[in-house]
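This is what each chain is made of:
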Amino acid sequence: MASTSFLFLYVLLMFSLAGMAISDLSDDFYDDVCPEALPTIKRVVEDAVRQERRMGASLLRLHFHDCFVNGCDASILLDQTATIDSEKTARANNNSVRGFEVIDKIKSEVDKVCGCPVVSCADILAVAARDSVVALHGPTWEVELGRRDSTTASRTTANNDLPTPVMDLPALIDNFKKQGLDEEDLVALSGGHTLGFAQCFTFRNRIYNDTNIDSTFASQRQENCPRSGGDSNLASLDPTPALFDSKYFSNLVSKKGLLHSDQALFSGGETDNLVKTYSTNLRTFSKDFAKSMIKMGNIKPLTGNQGQIRVNCRMVN
Ligand code: HEM
Ligand SMILES: *[C@@H]1O[C@H](CO)[C@@H](O)[C@H](O)[C@H]1NC(C)=O
Ligand SMILES: *[C@@H]1O[C@H](CO)[C@@H](O)[C@H](O)[C@H]1NC(C)=O
């Protein structure tokens, strides 16, 4: 008895010494049941990114928008039905999130190679996000696995919990805090905007009305984003949208953030210093980004016998 509890205390101690979050997930979850699962996901992601580099950005964003709405449970993938309140038409998602076809392709190839549906759609989103970042020359990390898929979705929760581009720093900090993420996570994860594009309607107010913006940059962006019309015209979130680098942050330092919420991270508030650090230190940004991605991936996962392993990521079994 005594030795058992000593062992228990010892294990606890080791966990706290290592500074590890005690999570229900593990990085070797599929090693025995389907060792080909992860290489298959990587292959399909690489193919998709080779065809269209923006897809890497889109897949990264899908995982983020999944995790922020009731945890990383693939709820974002569920289509609207009589009983499913799809998140796909929530304000931040409608006509905006993309990559669902790639997730479908991954799911069908993974189920084929595994012989049966053992890999959850939520884990596929987490691994595809990592593989996307790697495909665009970003850092790698061990993805914690074993998430299960939800049987519900909530457009209302998506509307309430996903951050919006008009938010100022206090609202962004508060939004991330509700997910158990701190200011460092906020800044590091916002660095996801080193990849991909945004539509005119998401940054129009910033380029016409904000004062904390470089005026040359504002005029350039106005050329392809008129005061009215052209709502879906694209601009890259940083100058190198297909390369994971520190330009997102150096851009913020020169007041060239595209979204109001981007510039909020460097506008005289308490996150200025971290933005500055990341702007000249890709290694630090990369390390912190990887760490915060693991933390975000651990938001409220369904595990054990909760939820299910969906056969089709778009619908409950
Ligand atoms: C901090 C709060 C955030 C806000 C307000 C925000 C907002 C936005 C908006 C408005 C867009 C453009 C969508 C469109 O025009 O259709 C966008 C794109 C994007 N976001 Fe965020 N975002 C945030 C955080 C994040 C995080 C944490 C990640 C990932 C770690 C991320 C990854 C991306 C990517 C990769 C794109 C480009 C997607 C594409 O090109 O398909 N964002 N975000
Ligand atoms: C989503 O976008 C479509 C246009 O593609 C629009 O018809 C629909 O009303 C939008 N849904 C919501 C809930 O805003
Ligand atoms: C700029 O701000 C004014 C006053 O708040 C507003 O009426 C106008 O619609 C804004 N312009 C854009 C392009 O958002």
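Our subject is the structure that appears above.
Bear in mind the structure is a predicted one, so any value in this text is a computation, not a measurement.

Right, let's talk about the coordination of the iron atom of ligand 1 for a bit. Donation to the iron atom of ligand 1 from the protein comes from one atom only, His 193 (NE2), at 2.1 Å. Its place among the elements puts His 193 in the loop between α8 (183-190) and β1 (197-199).

To continue, consider helix α2 (residues 37-51). Taking 1.5 Å as the rise per residue, α2 with 15 residues should run 21 Å; its terminal C-alpha atoms sit 22 Å apart, in good agreement. Buried-residue contacts for α2 involve α3 (54-67), α4 (100-114) and α5 (121-135).

Taken together, Arg 204, Asn 205, Tyr 208 and Asn 209 are the residues near ligand 3. Between ligand 3 and Asn 205, the relevant distance is 2.9 Å, taken from an oxygen atom to a side-chain nitrogen or oxygen of the residue. With respect to ligand 3, the side chain of Asn 209 contributes an N or O atom lying 2.3 Å from an oxygen atom. Relative to its unbound accessible surface of 360 Å², ligand 3 loses 39% to contact with the protein. Here the shell around ligand 3 is built from residues that sort into 1 nonpolar, 2 polar and 1 charged.

Per the stated rule, a full pass over the model turns up 18 salt bridges. With its nearest N and O atoms 3.0 Å apart, the salt bridge here joins Arg 98 to Glu 52. Taken together, the residues Arg 98 in the loop between α3 and α4 and Glu 52 in the loop between α2 and α3 connect sequence positions 46 residues apart. Among the ionic pairs, Arg 314 bridges to Asp 79, the shortest N-O distance being 3.7 Å. With Arg 314 in the segment after α14 (282-297) and Asp 79 in the loop between α3 and α4, this pair connects stretches of sequence that are 235 residues apart. According to the relative accessible area criterion, Arg 314 is partly exposed, its value standing at 23%.

Cut-offs and rules
Residues numbered from 1 in each chain as written. Chains lettered and ligands numbered in written order. Predicted model: local features only at pLDDT ≥ 70, side-chain atom pairs only at ≥ 80, totals over all residues. Heavy atoms only, no water. Donors = N, O, S within 2.8 Å, 3.2 Å for Na, K, Ca; no water. Helix = DSSP H or I, 4+ residues; strand = E, 2+ residues; numbered from the N terminus. Expected span 1.5 Å × (residues − 1). Contact = heavy atoms within 4.5 Å. Near = heavy atom within 4 Å. Polar contact = N/O pair within 3.5 Å; in protein donor to acceptor, adjacent residues only side chain to side chain. Areas by Shrake-Rupley, 256 points an atom, 1.4 Å probe, with all protein chains shown as cover. Nonpolar A, V, L, I, M, F, W, Y, C, P; charged D, E, K, R; others polar. Salt bridge = Lys/Arg side-chain N within 4 Å of Asp/Glu carboxyl O. Buried < 20%, exposed > 50% of the residue type's maximum accessible area, 1.4 Å probe, protein only.

Honestly, it's all geometry; don't read function into it.
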